[in-house]
Amino acid sequence: QVQFVESGGGLVQPGGSLRLSCAASGSIFSFYTMAWYRQAPEKQRERVATAAKDGTTAYLNSVKGRFTISRDNAKNTVYLQMNTLQPEDTAVYYCNAIDRFGRLQGSWGQGTQVTVSS
């Protein structure tokens, strides 16, 4: 199974920005859609953004216009640029690969904590 290592999280003030990175092991990265998820305390994990292998992207409504997902297939890495962060964006962020049915293709990594607070 593909494994992932997320990084780039931290503490930021409301309105600030962060760029998350996710490095994937294995050679199947380029075959799947890559997705960023997040899980806030006492809430279910939710999918935030996806980037298909053809470059097509999709976003959770609450992050549209603020977050941008991108991928570098040569580096087996997916990124999430997060701008105009809000306290409700506070969560642990994870990435994973999904097939066309939305099924997970890898193990969950440890995630990276994003905390938005003044």
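Each value, and the rule that gives it
Residues numbered from 1 in each chain as written. Predicted model: local features only at pLDDT ≥ 70, side-chain atom pairs only at ≥ 80, totals over all residues. Heavy atoms only, no water. Buried < 20%, exposed > 50% of the residue type's maximum accessible area, 1.4 Å probe, protein only. Helix = DSSP H or I, 4+ residues; strand = E, 2+ residues; numbered from the N terminus. Pairing = 2+ DSSP bridges. Axes fitted to C-alpha atoms, helices over the stretch in contact; angles between N-to-C directions. 1 Å grid on protein atoms, 1.4 Å probe; cavity = no way out; pocket = protein on both sides within 12 Å on 5 of 7 lines; lining within 4 Å. Points joined across faces, edges and corners; volume = space filled by probe spheres on them. Nonpolar A, V, L, I, M, F, W, Y, C, P; charged D, E, K, R; others polar. Phe/Tyr/Trp six-rings, centres within 6.5 Å; stacked < 30°, edge-to-face > 60°. Lys NZ or Arg CZ within 6 Å of the ring centre and 35° of its normal.

1. Remarks on the pairing of strand β10 (residues 112-116)
Piece 1. Of the two faces of β10, only one is covered, namely that formed by Thr-112, Val-114 and Val-116; the face formed by Gln-113 and Thr-115 stays uncovered.
Piece 2. Pairing of strand β2 (residues 10-12) with β10 involves 3 bridges; the strand directions are parallel. Paired with Leu-11 across the two strands is Thr-115, which belongs to β10.
Piece 3. Taken together, the 3 bridges between strand β9 (residues 91-98) and β10 define a ladder with antiparallel strand orientation.

2. Remarks on the sheet that holds β10
Piece 1. Spatially, 6 strands are ordered β2-β10-β9-β4-β5-β6 in an open sheet, and the strand pairing comes out mixed. In this open sheet, the two edge strands, each paired with only one partner strand, are β2 and β6 (57-59). Direction aside, the axes of adjacent strands within the sheet are offset by 25° on average.
Piece 2. Where strand β4 (residues 33-39) lies against β9, 7 bridges are found, and the strand directions are antiparallel. Among the inter-strand pairings, Arg-38 is bridged to a residue of β9, identified as Tyr-93.

3. Observations concerning the layout of surface pockets
Piece 1. The calculated volume of the largest pocket comes to roughly 180 Å³.
Piece 2. Considering the residues around the largest pocket, the lining is formed by 13 residues, among which Arg-38, Ala-40, Lys-43, Glu-46 and Glu-88 are closest to the centre.
Piece 3. Broken down by class, the residue content of the lining of the largest pocket amounts to 3 nonpolar, 4 polar and 6 charged.

4. Comments concerning the sheet that holds strand β8 (residues 77-82)
Piece 1. Strand order in the open sheet formed by 4 strands is β1-β3-β8-β7, with antiparallel pairing between adjacent strands. Edge positions in the sheet fall to β1 (4-7) and β7 (67-72), since each of these pairs with one other strand and no more. Each adjacent strand pair in this sheet contributes to an overall mean axis angle of 15°, direction not counted.

5. Things to note about the packing of aromatic side chains
Piece 1. Throughout the structure, instances matching the rule amount to 2 aromatic pairs.
Piece 2. Considering the side-chain rings of Tyr-37 and Trp-108, the 5.1 Å spacing of their centres and the 90° angle between planes classify their relative orientation as edge-to-face. Separated by 71 residues along the polypeptide, Tyr-37 in strand β4 and Trp-108 in the loop between β9 and β10 bring together distant segments of the chain.
Piece 3. Taking the centre distance of 5.7 Å and the plane angle of 70° together, the rings of Tyr-94 and Trp-108 count as edge-to-face. Of the two residues, Tyr-94 sits in strand β9 while Trp-108 sits in the loop between β9 and β10, which places them 14 residues apart along the sequence.
Piece 4. Judged by relative accessible area, which is 11%, Tyr-94 ranks as buried.
Piece 5. Taking NZ or CZ as reference, Arg-19 lies 4.0 Å from the ring centre of Tyr-79, over its face.

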